[in-house]
2 protein chains.
Amino acid sequence: MGSLLLKGVQLDNRTTDILIEGNRIARIADNLDVSAGRVIDGTGKTVIPGLINMHTHTAMTLMRSCYEDEPLKTWLDKVWAVEARLDEEAIYWGAKLAFLEMLKTGTTCFLDMYWMTPVIARAAADMGIRGFITYHFLDNFDHGKAELQRRECEEVYAQSRDWPDRIQLAIAVHADYTTSEATMLRAGLFAREHGMVFTAHLAETLSETQEDIFKTGLTPARHFNRLGLLGPRTVFAHGLWLDDHDIDILGRNRVTVVHNINSNLKLASGYRFKYNELRDAGANICIGTDGAASSNNLDIRESMKTMALMQKAWREDPSAMPLDELMDVATVNAARALGIDAGRVAEGALADLVLVDTQSPAFIPRINFIGNLILSANSSCFDTAIVDGRVVMEGRKVPGEEEILERADAIAREINKVS
Amino acid sequence: MGSLLLKGVQLDNRTTDILIEGNRIARIADNLDVSAGRVIDGTGKTVIPGLINMHTHTAMTLMRSCYEDEPLKTWLDKVWAVEARLDEEAIYWGAKLAFLEMLKTGTTCFLDMYWMTPVIARAAADMGIRGFITYHFLDNFDHGKAELQRRECEEVYAQSRDWPDRIQLAIAVHADYTTSEATMLRAGLFAREHGMVFTAHLAETLSETQEDIFKTGLTPARHFNRLGLLGPRTVFAHGLWLDDHDIDILGRNRVTVVHNINSNLKLASGYRFKYNELRDAGANICIGTDGAASSNNLDIRESMKTMALMQKAWREDPSAMPLDELMDVATVNAARALGIDAGRVAEGALADLVLVDTQSPAFIPRINFIGNLILSANSSCFDTAIVDGRVVMEGRKVPGEEEILERADAIAREINKVS
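If you're wondering where the values come from, they're calculated on a predicted model, not measured in any experiment.

A.B. asks: Could you give me a rundown of the interface of chain B and chain A, with the residues and numbers involved?
C.D. replies: Tallying the contact residues gives 64 residues for chain B and 64 residues for chain A. Both sides together, the interface formed by chain B and chain A hides about 5000 Å², and carbon and sulfur atoms give 62% of it. If you sort the residues of chain B by the area they bury against chain A, B:Asp69, B:Pro361 and B:Ile364 come out on top, with a joint share of 13%. The interface formed by chain B and chain A includes 4 salt bridges. Residue B:Asp69 is joined to A:Lys312 by a salt bridge in which the shortest nitrogen-to-oxygen separation is 2.6 Å. Joining chain B to chain A, the criterion identifies 29 residue pairs in polar contact (both at pLDDT 80 or more). Listing elements by their share of the side of chain B that touches chain A, those giving two or more residues are helix H2 (88-104), helix H9 (261-266), helix H11 (300-314), helix H14 (369-376) and helix H15 (401-415) of chain B.

A.B. asks: Could you give an account of the sheet that holds strand E12 (residues 256-259) of chain B, with specific residues and numbers?
C.D. replies: All names here are of chain B. Spatial ordering of the open sheet is given by E6-E7-E8-E9-E10-E11-E12-E13, a layout of 8 strands whose pairing is parallel. Each edge of the sheet is formed by a strand with only one pairing partner; in this case those strands are strand E6 (51-56) and strand E13 (284-287). Neighbour to neighbour, the strand axes of the sheet diverge by 25° on average, direction disregarded. Note that E6 and strand E7 (residues 107-112) share 4 bridges and pair parallel. Paired with Ile-52 across the bridge in E7 is Cys-109. Set on the sheet, helix H4 (residues 143-160) makes contact with strand E8 (130-137) and strand E9 (167-173); between it and E8 the angle comes to about 160°.

A.B. asks: Explain the sheet that holds strand E8 (residues 130-137) of chain A to me, and be specific about the residues and the numbers.
C.D. replies: All names here are of chain A. Spatial ordering of the open sheet is given by E6-E7-E8-E9-E10-E11-E12-E13, a layout of 8 strands whose pairing is parallel. Whereas interior strands pair on both sides, the edge strands pair on one side only; in this sheet they are strand E6 (51-56) and strand E13 (284-287). Averaged over all pairs of adjacent strands, the angle between strand axes in this sheet comes to 25°, irrespective of strand direction. By the bridge criterion, 7 bridges tie E8 to strand E9 (residues 167-173) in an arrangement that is parallel. Bridge pairing links Phe-137 to Val-173 in E9. Across the sheet, helix H2 (residues 88-104) touches E6 and strand E7 (107-112), and the angle it forms with E7 is around 140°.

A.B. asks: Can you tell me about the pattern of salt bridges, naming the residues and giving the values?
C.D. replies: Any two side chains of opposite charge can pair if their charged atoms end up close together. Considering all chains together, one arrives at 51 salt bridges over all chains under this definition. Here A:Glu147 ties to A:Arg150 by a salt bridge, and the two come within 3.1 Å at their closest N and O atoms. With A:Glu147 and A:Arg150 both in helix H4 (residues 143-160) and 3 residues apart, the pair spans about one turn of that helix. A relative accessible area of 28% places A:Arg150 in the partly exposed class. Across the pair B:Lys215 and B:Glu211 runs a salt bridge, and its minimum N-O distance is 3.9 Å. Within this pair, B:Lys215 and its partner B:Glu211 are both found in helix H6 (residues 206-216), separated by 4 residues, close to a single helical turn.

A.B. asks: Would you mind going over the relation of the copies chain B and chain A in detail, with residue names and values included?
C.D. replies: Note on the copies: chain B fits chain A at an RMSD of 0.0 Å, the axial shift is 0.0 Å, and the rotation between them is 180°. Considering both components of the superposition, the chain copies are consistent with a two-fold axis. In this assembly the copies share their binding face: 100% of the residues contributing to the interface of chain B also contribute to that of chain A.

A.B. asks: Provide a residue-level description of the state of the cysteines, including the pertinent values.
C.D. replies: Scanning the model with the defined rule gives 0 disulfides over all chains in all. Sulfur of A:Cys286: no disulfide; nearest cysteine sulfur belongs to A:Cys109 and is 11 Å away. Looking at B:Cys66, it has no disulfide partner, and the nearest cysteine sulfur is the one in A:Cys381, 18 Å off. For B:Cys66, a relative accessible area of 18% gives the class buried.

A.B. asks: Pulling in residues and values, what's your account of the environment of B:Arg122?
C.D. replies: Residues and elements named next belong to chain B. Assignment of secondary structure puts Arg-122 in helix H3 (residues 117-127). Between the C-alpha atom of Arg-122 and that of Pro-365, which follows or precedes it by 243 residues, the distance is 43 Å. Discounting residues that sit within four places of it in the chain, Arg-122 has contacts with Glu-88 and Tyr-92.

A.B. asks: An account of the environment of B:Thr358 is requested, with residue identities and associated values reported.
C.D. replies: Residue and element names in this part refer to chain B. Structurally, Thr-358 is set in the loop between strand E14 (353-357) and H14. Given a relative accessible area of 8%, Thr-358 falls into the buried group. Along the primary structure Thr-358 and Leu-169 are separated by 189 residues, whereas in three dimensions their C-alpha atoms are 36 Å apart. Not counting residues up to four positions away in its chain, the partners in contact with Thr-358 are Gly-44, Thr-46, Phe-363, Arg-366 and Phe-369. At 3.0 Å, the side chain of Thr-358 forms a polar contact with the side chain of Arg-366.

A.B. asks: Before we move on, could you go through a negative patch on the surface and cite the residues and values that matter?
C.D. replies: On the surface, a cluster of negative charge is made up of A:Glu152, A:Glu154, A:Glu155 and A:Glu193. The greatest single-element share of the negative patch, amounting to 3 residues, is contributed by H4(A).

A.B. asks: Tell me about H14(B), and name the residues and values.
C.D. replies: Along H14(B), 7 of the 8 residues are buried, which leaves the element largely enclosed by surrounding structure. For H14(B), the full list of buried residues reads B:Phe369, B:Gly371, B:Asn372, B:Leu373, B:Ile374, B:Leu375 and B:Ser376. Of the surrounding secondary structure, the elements contacted by the buried residues of H14(B) are helix H9 (261-266) of chain A together with strand E5 (45-49), H11, helix H12 (323-329), E14 and strand E15 (382-387) of chain B.

Parameters at a glance
Residues numbered from 1 in each chain as written. Chains lettered and ligands numbered in written order. Predicted model: local features only at pLDDT ≥ 70, side-chain atom pairs only at ≥ 80, totals over all residues. Heavy atoms only, no water. Contact = heavy atoms within 4.5 Å. Buried area = accessible area lost by both parts, 1.4 Å probe. Salt bridge = Lys/Arg side-chain N within 4 Å of Asp/Glu carboxyl O. Polar contact = N/O pair within 3.5 Å; in protein donor to acceptor, adjacent residues only side chain to side chain. Helix = DSSP H or I, 4+ residues; strand = E, 2+ residues; numbered from the N terminus. Pairing = 2+ DSSP bridges. Axes fitted to C-alpha atoms, helices over the stretch in contact; angles between N-to-C directions. Buried < 20%, exposed > 50% of the residue type's maximum accessible area, 1.4 Å probe, protein only. Least-squares fit on C-alpha atoms with pLDDT ≥ 70 in both. Disulfide = S-S within 2.5 Å. Patch = residues over 30% accessible without salt bridge, like charges linked within 9 Å, V, L, I, M, F, W, Y side chains within 5 Å. Areas by Shrake-Rupley, 256 points an atom, 1.4 Å probe, with all protein chains shown as cover. Lys, Arg positive; Asp, Glu negative; His and termini not counted. Charge placed at Lys NZ, Arg CZ, Asp CG, Glu CD.

Shown next, in the form of structure tokens:
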């Protein structure tokens, strides 16, 4: 990989140059007098760290907007029926559609939880995005299934050593109410042994949380804690239904909790996400979109806006969820959870950057860039995306996008049985 | 005005042609064999009625993102201090910035509530948008001010007869807690006498509603009702804090209530908007953005998404706020309140149309267009806008937009005292 010079970009209210060497930011200085393999004119553009989507189910893009305004039960039945029809080709093109959408909306890295791990890894490798792709345990308390998944996980792990560096394997357990304790433990220990991220759904709905208490005598957070599965590489999606003791446990163990506000609102799972309490207890808070079948898109910037608005609304406090903290939630907090030096525009950090085109009404007046970006703009403002030092989108164009739209659409119409 | 042919556009899941003659839709048919003054190629684009923003304060675009994460009281103090510095030039360019943003996000018509009515009317006339611009009564119970406003309103009314047909005068009363009953009555009767829309803020916050009850013995809705000011041309913004009797009164009088969800969330005014109850009582429900100082943008499509999500969330019912009803809220319901035949793509209706470019990941799969448009896309999907039969945006370009961004930015930096 060569060098790349971003010339005359806006960064923290000044105009500067950024030199990228290999996959890292080498220098940030005004009027850099260096030669570079490639120069990008940053005039009229503001650089920010690429956003990080910490919870999604990539190939569910194929079910986008197909099952709307339905009660949760019939919605799930329909989604599951379609998922049973997904083959490798469908997963591949569904994942590519997801990554195309991510790049176009300013996201350069994600943590996925889906099936056919190697297929999704191949799609991510082909698209140039950075990603953490899970092997996903869900045994429905079936011993045979558990054994099968244990072996399959070992195989995927062996394969994953051939993946490019920017694609990493992580370990997922669907949730404690769908997976045996033996599998949860084995999955958690496997992740720890290999220094991998460990992720699971946690306390997404009130009913699942109450059922947990009824069956195990423990809340979901206490349940994972009793199995010794909490730590700084543990990433829980949702965490909507937590009591004070849960928050204390998650905080003391420096666990990451990923808020998926748009999905939570749409599926009526809840919205009183305890951001302040979790942060103050020591938890690391990130943001995700969930799958496109529930939130309808993979637009992290849009989710940031909804998160800000909802924190202010339910807390009845317009000063809740300040914008600068929200930027951290979508960038450095996520990088910390994933164990990568990204999410910041700084010398030495990974060159995962996006350029924002501010030539639109949403950015006028040019007084508060972050306010305009999160609360006023839409995600078509992202003009250029750089991942691991490589330009993967420029002028809002990603190579091969027409084919992705066409192939994914054809497959989706087939699996959703739409003529 | 000549004729305009939209060739090969998508409408209700089929490909068709639309012929516009003068300011109306003349014919909708497949493969229309007519000659037209101008032809627009609609390939890959879907036509919908232009969206209608039923509550905004246009020139507050100049304060966009300037006062963030502040408690309501200090926020209001800062906004009012800036508003005192607004002159005609500032209002003109602030309004133009608002109309540019509206057109770019698919809005072709609005109901505004601000100051310097003739200046805003001139800005709207220059931008080619359709608009209802209010003369705005707010007397702070001061008899002298009331007299002044009465005379000024007569003058503006006289002037308004020279405005283009698509720009109409309406009458606003700020709210019943800021305006004397004498002025409320006079304003309401003036509107009725001249067949104009009458609008006011209503029950936006709990505290203002409680104060009303304390001072007048009546809720805001009952207060307006006692003065005989309810009817099908009455448009109330907000209506968040209503009891069952209020809802019954508003419904029986066929009043319009405009939900401004993003502003309500951000200012922590409330979010339990009683959509189902108001609709079932007979009220007409529309949507607005409020000013860009509170909601940060004038993006009706984005507000529609938030409205759908929040109705599902607070009602704890994923089937609440169905998407087809939501389209009516942003189109035909508004046209009904304004007394114009718009908000629908039909022969004979006003030609206020927007073309949606669906060539992006957000519209894949191509199974549920309305779901993709409201819940998945962002408002850069609007490619072409036609108002009153005239093309005012094409290929996302509005004539003169660079000048508007520059002028509005310079003025905003001056009035917000930012160097």
